[in-house]
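As a plain string of letters, each chain reads:
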Amino acid sequence: MHGFSIFLVALGAGIVTMTGCSPESGSGQAKLSARPLAKRGHDRLLGFGVTEGSVGYEVAFGEAQKAGIQFIELPQQWDDIESAPEVYNSPFLIMANEVYPAFDTGIVLSLNPIDTSALRLPAHLAGKAFDDAEVVSAFMKVVDFTIAGLPDAKIVAISIGNEVDGNLANDGERWAQYTRFFAEVREHIRTKLPGVPVGVKTTYSAIMGSQRHLIGNLNSSADAVMVTYYPLDAEFNVRPPSLVDDEIGKLVSLAAGKPVHLLETGYPSGAANGSSEALQAEFVRNIFEAWEKYADDVPLVNIVWLYDMSADEVATLTKYYSVETPAFAGFLGTLGLKTHSGEDKQAFFKLLEYAKESE
């Protein structure tokens with residue numbers, strides 16, 4: 001869900017405040033002295049969508065370190081990077097390259113020609129098919145620019161598109177075009193970053209629903225099955241946390257031996273979604289228990305997100321997604337493990353409890 005550029009804009013000012021900090025400064029732990037998941041005998045990585053709430057990014061990132069963060073997702077929209085043919089700019093690459101290596105935090109890079117329902121091709125490519133040679137060539141140059149902008153960063157994985165099923169819908173021809181586009185881009189990235197897994201983020205509901213075979217064709221050339229998982233129904237009401245184990249198991253089975261990257265997973269705590277802090281905490285517990293069960297199959301889990309959004313931020317996001325139902329706003333506004341003002345929810349305590357038990 002959170003591949004949108006305004007997520008980065010909201011955090012940009014906060015990241016800047018950290019660029020002058022040494023790894024020994026700041027409110028949280030400086031370096032990741034605790035690697036709780038690795039201590040369980042599996043090579044697994046935990047990430048967070050580090051929203052800053054009202055406390056500021058430096059404090060928020062310190063809280064993420066306290067909880068054991070090992071990577072962060074860096075979303076980049078194609079039309080934000082390339083403002084005119086072969087004219088590239090992304091200040092967030094500079095910030096990320098300065099900050100996250102110093103704090104021993106990897107990056108999952110999301111390069112997005114599609115961001116959920118939004119098509120993010122630059123204006124000069126509007127109307128062209130994804131497998132058009134000009135589109136493929138142009139995106140490869142954006143890949144090169146982006147990788148060059150992160151020379152010091154540890155890139156953990158790369159997703160080419162965010163929840164692309166939201167835009168491609170059930171259009172088989174466009175899925176085929178995107179599948180061919182991705183296969184070429186994947187081979188190009190392999191020459192630049194051998195060993196870094198590359199895939200495409202799709203939603204859990206799509207990969208288990210009517211788009212299953214279309215996504216399967218796309219994932220045939222992917223290194224990992226990359227999924228966003230929010231247990232909600234079509235009206236944005238929560239589904240029981242008890243379903244988590246079974247649904248993660250279905251993902252693992254569907255992946256047929258490929259690793260599953262849960263690049264976004266979360267659960268709102270708000271009454272508008274039929275939820276509560278207790279249900280959200282149960283979801284966190286069940287996610288980690290399922291992760292333990294499928295440790296060899298799920299190397300990455302990214303919890304979204306750390307702090308609740310403000311009312312203004314929620315309004316901006318509902319406009320971006322063109323979904324203005326109260327339940328969707330409730331979902332966005334209560335997805336954090338902490339309130340916007342910084343109070344811990346039960347889910348954050350549950351997360352810390354898991355980290356402590358893993359030491």
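Residues numbered from 1 in each chain as written. Predicted model: local features only at pLDDT ≥ 70, side-chain atom pairs only at ≥ 80, totals over all residues. Heavy atoms only, no water.

### As for the packing of helix H10 (residues 244-255) against helix H11 (residues 277-293)
Part 1 of the reasoning: Where H10 contacts H11, the axes come no closer than 9 Å and their chain directions differ by 40 degrees. The orientation of H10 with respect to H11, classified from their angle, is oblique. As H10 packs across H11, the resulting crossing turns out to be right-handed. Contact with H10, carried on its side by Val244, Asp245 and Ile248, involves Phe283, Asn286, Ile287, Ala290 and Lys293 of H11 and no other residues of that element.
Part 2 of the reasoning: When grouped by side-chain class, the residues that make up the contact of H10 with H11 number 5 nonpolar, 1 polar and 2 charged. (Axes fitted to C-alpha atoms, helices over the stretch in contact; angles between N-to-C directions. Helix = DSSP H or I, 4+ residues; strand = E, 2+ residues; numbered from the N terminus. Parallel < 35°, antiparallel > 145°, perpendicular 65-115°, else oblique. Left-handed = near helix turned anticlockwise from the far one by under 90°. Contact = heavy atoms within 4.5 Å. Nonpolar A, V, L, I, M, F, W, Y, C, P; charged D, E, K, R; others polar.)

### Considerations on the packing of aromatic side chains
Part 1 of the reasoning: With the rule as written, the count across this model stands at 19 aromatic pairs.
Part 2 of the reasoning: Judged by centre distance (5.0 Å) and plane angle (20 degrees), the rings of Tyr267 and Phe283 are stacked. On the criterion of sequence distance, the pair formed by Tyr267 in the loop between strand E11 (260-265) and H11 and Phe283 in helix H11 is long-range, its members being 16 residues apart. The burial state of Tyr267 is the same as that of Phe283; both residues are buried.
Part 3 of the reasoning: An aromatic cluster is built from Tyr230, Phe236, Tyr320, Tyr321, Phe328 and Phe331, whose rings are joined through pairwise contacts.
Part 4 of the reasoning: One cation-aromatic arrangement involves Lys338 over Phe348; the distance from NZ or CZ to the ring centre is 4.1 Å. (Phe/Tyr/Trp six-rings, centres within 6.5 Å; stacked < 30°, edge-to-face > 60°. Buried < 20%, exposed > 50% of the residue type's maximum accessible area, 1.4 Å probe, protein only. Lys NZ or Arg CZ within 6 Å of the ring centre and 35° of its normal.)

### Overview of the pattern of salt bridges
A side chain with one charge can pair with a side chain of the opposite charge if their charged atoms come near.
Part 1 of the reasoning: What the rule picks out here adds up to 20 salt bridges.
Part 2 of the reasoning: Note that Glu134 and Lys128 form a salt bridge whose closest N and O atoms lie 3.3 Å from each other.
Part 3 of the reasoning: The exposure class assigned to Glu134 is partly exposed, which follows from its relative accessible area of 40%.
Part 4 of the reasoning: Here Arg239 ties to Glu247 by a salt bridge, and the two come within 2.5 Å at their closest N and O atoms.
Part 5 of the reasoning: Residue classification places Glu247 among the buried residues on the basis of a relative accessible area of 8%.
Part 6 of the reasoning: A single salt-bridge network, built from bridges that share partners, covers Arg186, Glu187, Arg190 and Asp223. (Salt bridge = Lys/Arg side-chain N within 4 Å of Asp/Glu carboxyl O.)

### Description of the confidence of the model for the protein
Part 1 of the reasoning: Of all residues in the protein, 87% have pLDDT values of 70 or greater, and the mean over the chain is 90.
Part 2 of the reasoning: Segment residues 3-14: pLDDT under 50, and 41 contacts once partners within four positions in sequence are set aside and those in other chains are kept.
Part 3 of the reasoning: Low pLDDT, under 50, characterises residues 24-36; the predicted model gives this stretch 26 contacts beyond four residues in sequence or across chains. (pLDDT = per-residue confidence, 0-100.)

### Considerations on the side chain of Thr202
Part 1 of the reasoning: Topologically, Thr202 is positioned in strand E9 (residues 201-203).
Part 2 of the reasoning: Judged by relative accessible area, Thr202 falls into the buried class, the value being 0%.
Part 3 of the reasoning: Setting aside residues up to four positions removed in sequence, Thr202 forms contacts with Glu163, Val164, Asp165, Ile207, Ile215, Met226, Val227 and Thr228.

### Let's talk about the environment of Ala272
Part 1 of the reasoning: By the element assignment, Ala272 lies in the loop between E11 and H11.
Part 2 of the reasoning: Along the primary structure Ala272 and Pro326 are separated by 54 residues, whereas in three dimensions their C-alpha atoms are 7.1 Å apart.
Part 3 of the reasoning: Not counting residues within four places of it along the chain, the set of residues in contact with Ala272 comprises Asn237, Pro326, Ala327 and Gly330.

### What about the pairing of strand E2 (residues 71-77)?
Part 1 of the reasoning: Taken across its 7 residues, E2 has 7 buried, putting it largely inside the fold.
Part 2 of the reasoning: Here E2 shows no split at all, with Phe71, Glu73, Pro75 and Gln77 on one side and Ile72, Leu74 and Gln76 on the other all buried.
Part 3 of the reasoning: Here E2 pairs with strand E5 (residues 106-115) via 7 bridges, running parallel. The residue bridging Leu74 from the neighbouring strand is Leu109, located in E5. (Pairing = 2+ DSSP bridges.)

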